[in-house]
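Per-entry structural report
Okay, here's what each chain looks like letter by letter:
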Amino acid sequence: MEGIIGATVLGVLLITAVGAGMLGSTPYQQDLGAALLPPGAGHLFGTDSLGRDLWSRVLVGLRVSVTVAVMAAAISVALGVTLGMVSGFYGGTLEAVIMRLADIQLAVPFVLLTLLIVAVLGANIRNLIAVMGVTGWVTYARVSRGQTLVIRHREYVDAARASGATDRHIIGRHVLPNIGGPLLVVLTLDLSRLVLLEGAMSFLGFGVQPPTPSLGSLLSEGLRSLALAWWPVTFPGVTLAIFVFGVNLFGDWLSDRLNFRANV
């Protein structure tokens, strides 16, 4: 049941966000005469301090936040899975070096590391995606290594090696497909963390830059007018909470189905 609820929540949010351009007014259209209008028939979520329709801005903001998280996750998966499989398959010095790099990165608080690098490189969406992706590889590397250590001793791997298959063929044909389930669980649960991280970075001004909305930047903008209106900060916050709830619910269900929980 929790899987159905989680999938339904995510499906409704994502489908609505994708169709944001066809719903309501443009998220960039300003009307100072309609600033901070309360939620109503004309504006479902009300308007912000510049008179922009908050409904469409929240939907576009959700789409931007999810896009940033997915692209960052793709970088983390590509980097982490590659390093994890290589270290688990070959072992030795290479494994020791990769795992020590992972330990060093884990010793530094993730948010502070991301904040530091973005502050140095510059605050924009591309730098944010790159930094989030590069700094998030450790979890995937550890899971991939652990699963590879088990699979490399299986009979079908020995048979493939005896038949003359190359290491590249064995990794791509036998190792990678068999670690996909655990990695899918990690990816699902990691998406909520990445969406929250994007929200935190944009809230602090180091992520998505105006006028492009994201859930984090909308929270930051709404906080400035909180003394006058509650809706500019409430609706982006509730949307973020519901999305994270849906992702975690679906991820927990998927984890139970696969009988796997990442020890990371």
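These numbers come from a predicted model, not from an experiment. (Residues numbered from 1 in each chain as written. Predicted model: local features only at pLDDT ≥ 70, side-chain atom pairs only at ≥ 80, totals over all residues. Heavy atoms only, no water.)

1. As for the overall build of the protein
Keep this limit in mind: Numbering of helices and strands runs from the N terminus, with a helix taken as a DSSP run of H or I at least four residues long and a strand as a DSSP run of E at least two residues long. Should any heavy atoms of two residues lie within 4.5 Å, those residues are counted as being in contact.
Helices and strands together make up the secondary structure of the protein, namely 11 helices and 0 strands. Counting from the amino terminus, helix and strand elements in the protein follow one another as α-α-α-α-α-α-α-α-α-α-α. Oriented by its inertia axes, the alpha-carbon framework of the protein measures out at about 75 × 45 × 25 Å. Look at the contacts in the protein between residues 6 or more apart in sequence, and 73% of them connect residues 24 or more apart.

2. A look at the environment of Leu10
For clarity, the threshold we go by: Accessibility here uses a 1.4 Å probe with only protein chains present; expressed as a share of the type maximum, an area under 20% marks a residue as buried, one over 50% as exposed, and anything in between as partly exposed.
Among the secondary structure elements, Leu10 is positioned in helix 1 (residues 2-18). For Leu10, a relative accessible area of 13% translates into the label buried. Residues Leu10 and Leu249 lie 239 residues apart in sequence; the distance between their C-alpha atoms is 9.9 Å. Residue contacts for Leu10: discarding those within four places in its chain leaves Phe243, Gly246, Val247 and Phe250.

3. Some remarks on the side chain of Ser65
Following the sequence through the fold, Ser65 ends up in helix 2 (residues 54-90). Among residues more than four places away in sequence, those in contact with Ser65 are Val195, Glu198, Ser214 and Leu215.

4. As for the pattern of salt bridges
Here the idea is simple: oppositely charged side chains can pair when their charged atoms come close. The line we're drawing: The working definition used for a salt bridge is a side-chain nitrogen of Lys or Arg within 4 Å of a carboxyl oxygen of Asp or Glu.
Tallying each qualifying case throughout the model produces 8 salt bridges. A salt bridge links Arg57 to Asp48; the nearest nitrogen and oxygen atoms lie 3.6 Å apart. The partner of Asp158 in a salt bridge is Arg161, with the nearest N and O atoms 3.5 Å apart. Here the residue Asp158 and the residue Arg161 both occupy positions in helix 7 (residues 155-162), the gap between them amounting to 3 residues, near one helical turn. Overlapping salt bridges bring together Asp48, Arg52, Arg57 and Glu221 as one network.

5. Let's talk about the packing of helix 3 (residues 92-106) against helix 6 (residues 137-151)
Here is the rule: In this analysis, axes come from line fits to C-alpha atoms, helices being fitted only over the stretch in contact, and the angle between any two N-to-C directions falls in the range 0 to 180 degrees. By definition, any crossing whose near helix is turned counterclockwise from its far helix by less than a right angle is left-handed, and any crossing with a clockwise turn is right-handed.
Look at helix 3 against helix 6: their axes get within 10 Å of each other, and the N-to-C directions meet at 145°. Helix 3 and helix 6 meet at a crossing whose hand is left-handed. Together, Glu95, Ile98, Met99, Leu101, Ala102, Gln105 and Leu106 of helix 3 and Trp137, Val138, Arg142, Arg145 and Leu149 of helix 6 make up the contact between the two elements.

6. Details of the nonpolar core
Basically, it comes down to this: Take the buried Ala, Val, Leu, Ile, Met, Phe, Trp, Tyr and Cys residues and link them wherever side-chain atoms come within 4.5 Å; each set so joined is a nonpolar core.
Membership of the largest hydrophobic core comes to 38 residues, with the highest contact counts inside it found for Val58, Leu62, Val68, Met132 and Phe243. For this core, the elements supplying multiple residues, two or more each, are helix 1, helix 2, helix 5 (125-134), helix 9 (180-203), helix 10 (215-224) and helix 11 (231-258). When residues of this core are assigned to their parent elements, the largest contribution, 12 residues, is made by helix 2. Ranked by size, the runner-up nonpolar core spans 14 residues in total, among them Val157, Ala160, Ile170 and Ile179.

7. Focus on the layout of surface pockets
The condition that has to hold: For each structure, a 1 Å grid was placed over the protein atoms alone; sets of points admitting a 1.4 Å probe that cannot get out are labelled cavities, open sets with protein on both sides within 12 Å along at least five of seven lines are labelled pockets, and lining residues have an atom within 4 Å of a point. Grid points are joined across faces, edges and corners, and a volume is the space filled by probe spheres set on the points. When residues are grouped by polarity, Ala, Val, Leu, Ile, Met, Phe, Trp, Tyr, Cys and Pro land in nonpolar, Asp, Glu, Lys and Arg in charged, and all others, Gly among them, in polar.
Approximately 230 Å³ is the volume attributed to the largest pocket. As for the largest pocket, its lining consists of 14 residues, and the residues nearest its centre are Leu106, Phe110, Thr135, Val138 and Thr139. Contributions of two or more residues to the lining of the largest pocket are made by helix 3, helix 4 (110-121), helix 6 and helix 9. Here the lining of the largest pocket takes 4 residues from helix 6, the largest share from any one element. Across the lining of the largest pocket, the residue classes break down as 7 nonpolar, 4 polar and 3 charged.

8. Here we look at the confidence of the model for the protein
Let me state the cut-off plainly: Confidence scores here are pLDDT values: one per residue, from the predictor, ranging 0 to 100.
In the predicted model, the protein carries a mean pLDDT of 88, and 95% of its residues have values of at least 70. Least confident of the elements in the protein is helix 4, whose mean pLDDT is 84; most confident is helix 2, at 94. Confidence drops under a pLDDT of 50 for residues 260-264, and excluding neighbours within four residues, the segment shows 15 contacts in the predicted structure.

9. Description of helix 10
With respect to burial, helix 10 is a largely interior element, 8 of its 10 residues being buried. Along helix 10, the positions that sit buried rather than exposed are Leu215, Gly216, Ser217, Leu218, Leu219, Ser220, Glu221 and Gly222. On its buried face, helix 10 is in contact with helix 2, helix 9 and helix 11.

10. Quick notes on a nonpolar patch on the surface
What counts, and what does not: A patch is a set of surface residues, each over 30% in relative accessible area and not in a salt bridge, joined within 9 Å for like charges and within 5 Å for the nonpolar side chains Val, Leu, Ile, Met, Phe, Trp and Tyr. Where accessible areas are quoted, they stem from the Shrake-Rupley method and a 1.4 Å probe; at the residue level, only the protein chains shown are allowed to cover.
Taken together, the side chains of Phe203, Leu204, Leu223, Leu226 and Trp230 make up a nonpolar region of the molecular surface, amounting to roughly 480 Å² of accessible area. Take Trp230: it is sitting in the loop between helix 10 and helix 11. When its relative accessible area of 45% is taken as the criterion, Trp230 is described as partly exposed.

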